[in-house]
Amino acid sequence: MQPLSLVIHGGAGTIVPEDMTHELEKAYINGLSQALENGYAILEAGGTAVDAIRTSIKVLEDNVLFNAGRGSVFTKKGVQEMDAAIMDGKNLKAGAIAGVRNVRNPIELAYEVMENSNHVFLSGKGANDFAIKQGLKLEPDEYFFSKFRYDQWKELRDSDNYSLDHTHQDLAELMKDKKFGTVGAVALDQFGNIAASTSTGGMTNKKYGRIGDSPIIGSGTYANNKTCAISCTGHGELFIRAVAAYDVSALMEYKGYTLQQAMEEVVHHKLLEIKGEGGMIGVDAHGNTAMVFNSAGMYRAMKNSKGEIKVGIYKNENSL
Ligand code: ASP
């Protein structure tokens, strides 16, 4: 029987048990589990990897705890500008969007770009216009508002600083330091195809139309049936410079590394050398999966047809 696998993440960073309340931990685990189960149900029902990851990402985008869709961080101007990408490893088709506002599910816009446009990457107003043309669901600014990210932004908005953190003041004053809330999903379906997707609000107080690694094919997101499907999370500028997701694929294709070896090489060596904090999730066409990070924690979960299920937040912990 053809193996099935799904891996998701909800961001990486300085996520340590001391800063976490039991309640919040539960809320994150529930959010991850729901995204995992809904996405995996698509695979089990014979759906494609692309549809499974879209499903998982939408659940995470709709959950205010994660920095993607609803609950995205605030820009310098006090609005949400979202980035997302999706890639189909079967044919190397890809769709990406950046700096988009008011689109309820940015991953759906990236999907529309992939399937129903002649382009790969749309940005800003043009991307928004395309969302309207494709009939995607829009929401008012209030929908994206979250008190804890607003408070976090208030602390930064009068400065030139930007932050990859999303400090939850109301939610238990946790994550004082760095933490990333981007979401991602990768999957292998019954047809032997793999796919990857990533969605994010980016960084608090970002300005000048800043775009991170998430929507950049090869940096934050990449999929190729020959090698792997990868979704990254972390300090985007460094992941762009490391061309992180594609680098994993290249190590597998040209050097014969396994998925795990290639991801460890990029996360623990290449990225660390330039102080690129964060992590990534991956799957290959045989159903092998990996979740590798160099930060204190990464929200993550996986499920496969061998019956393995893992949900984790901190280091040295494979399941909760
Ligand atoms: N990589 C994302 C960015 O730089 C942030 C994150 O992963 O949380 O926009």
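Coordinates for the structure precede this section.
Cut-offs used in this document
- Residues numbered from 1 in each chain as written.
- Predicted model: local features only at pLDDT ≥ 70, side-chain atom pairs only at ≥ 80, totals over all residues.
- Heavy atoms only, no water.
- Helix = DSSP H or I, 4+ residues; strand = E, 2+ residues; numbered from the N terminus.
- Rg over C-alpha atoms; globule rule 2.2 N^0.38 Å.
- Buried < 20%, exposed > 50% of the residue type's maximum accessible area, 1.4 Å probe, protein only.
- Areas by Shrake-Rupley, 256 points an atom, 1.4 Å probe, with all protein chains shown as cover.
- Lys, Arg positive; Asp, Glu negative; His and termini not counted.
- Charge placed at Lys NZ, Arg CZ, Asp CG, Glu CD.
- Salt bridge = Lys/Arg side-chain N within 4 Å of Asp/Glu carboxyl O.
- Pairing = 2+ DSSP bridges.
- Axes fitted to C-alpha atoms, helices over the stretch in contact; angles between N-to-C directions.
- Contact = heavy atoms within 4.5 Å.

Asks: Talk me through the overall build of the protein chain; I want residue IDs and the actual numbers.
Replies: A count of helices and strands for the protein chain gives 9 helices and 12 strands. On C-alpha atoms alone, the protein chain measures out to a radius of gyration of 17 Å, which is about the 20 Å that the 2.2 N^0.38 rule sets for 320 residues. With respect to the three principal axes, the spread of C-alpha positions in the protein chain is 55 × 45 × 35 Å. Every one of the 320 residues in the protein chain was classed for burial, and the buried ones make up 60%. Carbon and sulfur atoms make up 49% of the accessible area of the protein chain, which totals about 12400 Å². Here the protein chain carries 33 positive and 39 negative side-chain charges, and the mean point of each set is 3 Å from the other.

Asks: Mind laying out the pattern of salt bridges, listing which residues take part and the relevant values?
Replies: Scanning the entire structure with this criterion turns up 14 salt bridges. Measuring nitrogen to oxygen at the nearest pair gives 3.4 Å for the salt bridge that ties Glu115 to Lys93. Taken as a pair, Glu115 in helix 3 (residues 106–116) and Lys93 in strand 3 (residues 93–100) lie far apart in primary sequence, 22 residues in all. Note on Glu115: relative accessible area 31%, which makes it partly exposed. A relative accessible area of 33% means that Lys93 is categorised as partly exposed. Salt bridges linked by common partners bring Asp51, Arg54, Lys58 and Glu108 together as one network.

Asks: Would you mind going over the sheet that holds strand 7 (residues 221–223) in detail, with residue names and values included?
Replies: Strand order in the open sheet formed by 4 strands is 7-8-9-10, with antiparallel pairing between adjacent strands. The outermost strands of the open sheet, each flanked by one partner alone, are strand 7 and strand 10 (289–293). If you compare each strand with its neighbour and ignore which way they point, the axes differ by 10° on average. Relative to strand 8 (residues 228–234), strand 7 runs antiparallel, the two being bridged by 3 bridges. From the neighbouring strand, Thr221 faces strand 8, where its bridge partner is Ser231. On top of the sheet, helix 8 (residues 244–255) reaches strand 7, strand 8 and strand 9 (278–284); it is set at about 145° to strand 8, its chief contact. Contacts between helix 9 (residues 259–273) and the sheet are confined to strand 8, strand 9 and strand 10, with strand 10 contributing the most and set at about 15° to the helix.

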